[in-house]
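The residues making up each chain are set out below.
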Number of protein chains: 2
Amino acid sequence: MEDVKKSEKYSCVATCPMRNVIAHFANKWSMLLLVILDEFGVMRFNELSRAIPDISPKVLSGHLKTLEAIGLVRRVLYAEVPPRVEYDLTGLGMTLIPILDELSEWGREHLEDVSGNLAKKVVD
Amino acid sequence: MEDVKKSEKYSCVATCPMRNVIAHFANKWSMLLLVILDEFGVMRFNELSRAIPDISPKVLSGHLKTLEAIGLVRRVLYAEVPPRVEYDLTGLGMTLIPILDELSEWGREHLEDVSGNLAKKVVD
DNA sequence: CTGGATCCTATGGGATACTG
DNA sequence: CAGTATCCCATAGGATCCAG
């Protein structure tokens, strides 16, 4: 840390794990979905819809699919009519929960309340 | 948790701390900026630019301003010619670092490497 | 009930040039 | 050096309707 010039240690483009996190979670719903699934356990599509009233079905579906692809969420389809689909966290998904809880708690302590409004301008 | 029907506990729109976190950090650069500032300490604008080569000056400036407004980053302007501005984490900013480090470490262990490519399609 | 298909827009972000 | 001004664009996300 001391024996190397800053400029030589710079550039974090490759092999920066935080970038992987950001690539997956810098979006409006992924982290929220995970904490909701943790809080309520097994949930059906419409239950998730009701739990997060301000997400559209298309976007909800898309995020669930992505989270399933990463291996954080499990999707179980029951061959019934009408169809029943249940979502819950995988083991891997659960390993993320403690961290998200810390994050959440940190936000509760240190961030102004946005009253659910997730649209937040950052630049401009 | 057991004595209340799910549907009655639903809806997390108001007073969900995770939403506050998302409102501030569901973007491409905020969390990365914080960990970089933690790693390198006091940094000037161009040092940050070089540390994150793929961020434009406008966007960098915007995020720094926002992070300063939240109280996570401190900006110190020195009345010199040419001007010198130094950025570093505030005490509050530092309280977030352990959590971000956990997140980062989690990503290193469990996420595929995106090789710095932060543009990640989630839906569609 | 689960979600796909469509259409649409807001905006986060990029590139570049320029200034005090 | 430290940004701002401009212009531009991709796309994440929203609304609605429809289908198996």
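So, a few notes on the structure that sits alongside this text. Note that the coordinates shown come from a computational prediction; the quantities given were computed from them, not determined experimentally.

What counts, and where the lines are drawn
- Residues numbered from 1 in each chain as written.
- Chains lettered and ligands numbered in written order.
- Predicted model: local features only at pLDDT ≥ 70, side-chain atom pairs only at ≥ 80, totals over all residues.
- Heavy atoms only, no water.
- Helix = DSSP H or I, 4+ residues; strand = E, 2+ residues; numbered from the N terminus.
- Buried < 20%, exposed > 50% of the residue type's maximum accessible area, 1.4 Å probe, protein only.
- Contact = heavy atoms within 4.5 Å.
- Areas by Shrake-Rupley, 256 points an atom, 1.4 Å probe, with all protein chains shown as cover.
- Pairing = 2+ DSSP bridges.
- Near = heavy atom within 4 Å.
- Polar contact = N/O pair within 3.5 Å; in protein donor to acceptor, adjacent residues only side chain to side chain.
- Nonpolar A, V, L, I, M, F, W, Y, C, P; charged D, E, K, R; others polar.
- Expected span 1.5 Å × (residues − 1).
- Bend = angle between axes of the 7 residues up to and from the residue.

Side note on the overall build of chain A
Phase 1: Of regular secondary structure, chain A possesses six helices and three strands.
Phase 2: Listing the helices and strands of chain A from first to last along the sequence gives α-α-α-β-α-α-β-β-α.
Phase 3: Across the 124 residues in chain A, those meeting the buried criterion constitute 48%.
Phase 4: Expressed as a percentage of contacts within chain A between residues at least 6 apart in sequence, the contacts between residues at least 24 apart total 48%.
Phase 5: Element-wise, carbon and sulfur atoms account for 53% of the exposed surface of chain A, whose accessible area totals about 6200 Å².

Quick word on the sheet that holds strand S3 (residues 84-89) of chain B
Phase 1: On the basis of which strands lie adjacent, the open sheet formed by three strands has the order S1-S3-S2 (chain B) and antiparallel pairing. Single-partner strands in this sheet number two, and they are strand S1 (43-44) and strand S2 (73-78) of chain B.

Things to note about the protein's contact with DNA strand D
Phase 1: Within the structure, DNA strand D sits among 27 residues, and Lys28 and Lys58 of chain A together with Ser61, Arg75 and Tyr87 of chain B are positioned closest to it.
Phase 2: A share of 67% is what sugar and phosphate atoms reach among the atoms of DNA strand D within 4 Å of the protein.
Phase 3: In the model, a phosphate oxygen of DNA strand D is placed 3.1 Å from a nitrogen or oxygen of the histidine 63 of chain A side chain.
Phase 4: Among the secondary structure elements, those contributing two or more residues to the surface near DNA strand D are helix H5 (57-70) of chain A together with helix H4 (45-51), helix H5 (57-70) and S3 of chain B.

A closer look at the protein's contact with DNA strand C
Phase 1: Residues in close proximity to DNA strand C total 23 residues, the closest being Ser61, Arg75 and Tyr87 of chain A together with Lys28 and Lys58 of chain B.
Phase 2: Near-protein atoms of DNA strand C (within 4 Å) split between backbone and bases, with sugar and phosphate holding 69%.
Phase 3: In the environment of DNA strand C, a phosphate oxygen lies 3.0 Å from a nitrogen or oxygen atom belonging to the side chain of asparagine 46 of chain A.
Phase 4: Interatomic distance of 2.6 Å between a backbone N/O atom of lysine 28 of chain B and a phosphate oxygen of DNA strand C.
Phase 5: When contributions to the surface near DNA strand C are tallied by element, the ones reaching two or more residues are helix H4 (45-51), H5 and strand S3 (84-89) of chain A together with H5 of chain B.
Phase 6: Looking at the surface near DNA strand C, the element that brings in the most residues is H5 of chain B, giving four residues.
Phase 7: Here the residues of the surface near DNA strand C are counted per class, giving 10 nonpolar, four polar and nine charged.

Some thoughts on helix H6 (residues 91-110) of chain B
Phase 1: Between its first and last C-alpha, H6 of chain B extends 30 Å over 20 residues, near the 28 Å set by a 1.5 Å rise per residue.
Phase 2: At isoleucine 97 of chain B, H6 of chain B shows its strongest bend, of approximately 30°, with the proline proline 98 of chain B following within four residues.
Phase 3: For H6 of chain B, the complete set of buried residues consists of Gly93, Leu96, Ile97, Ile99, Leu100, Leu103, Ser104, Trp106 and Gly107 of chain B.
Phase 4: Elements in contact with the buried residues of H6 of chain B: helix H2 (17-25) and helix H6 (91-110) of chain A together with helix H2 (17-25), helix H3 (30-40) and S3 of chain B.

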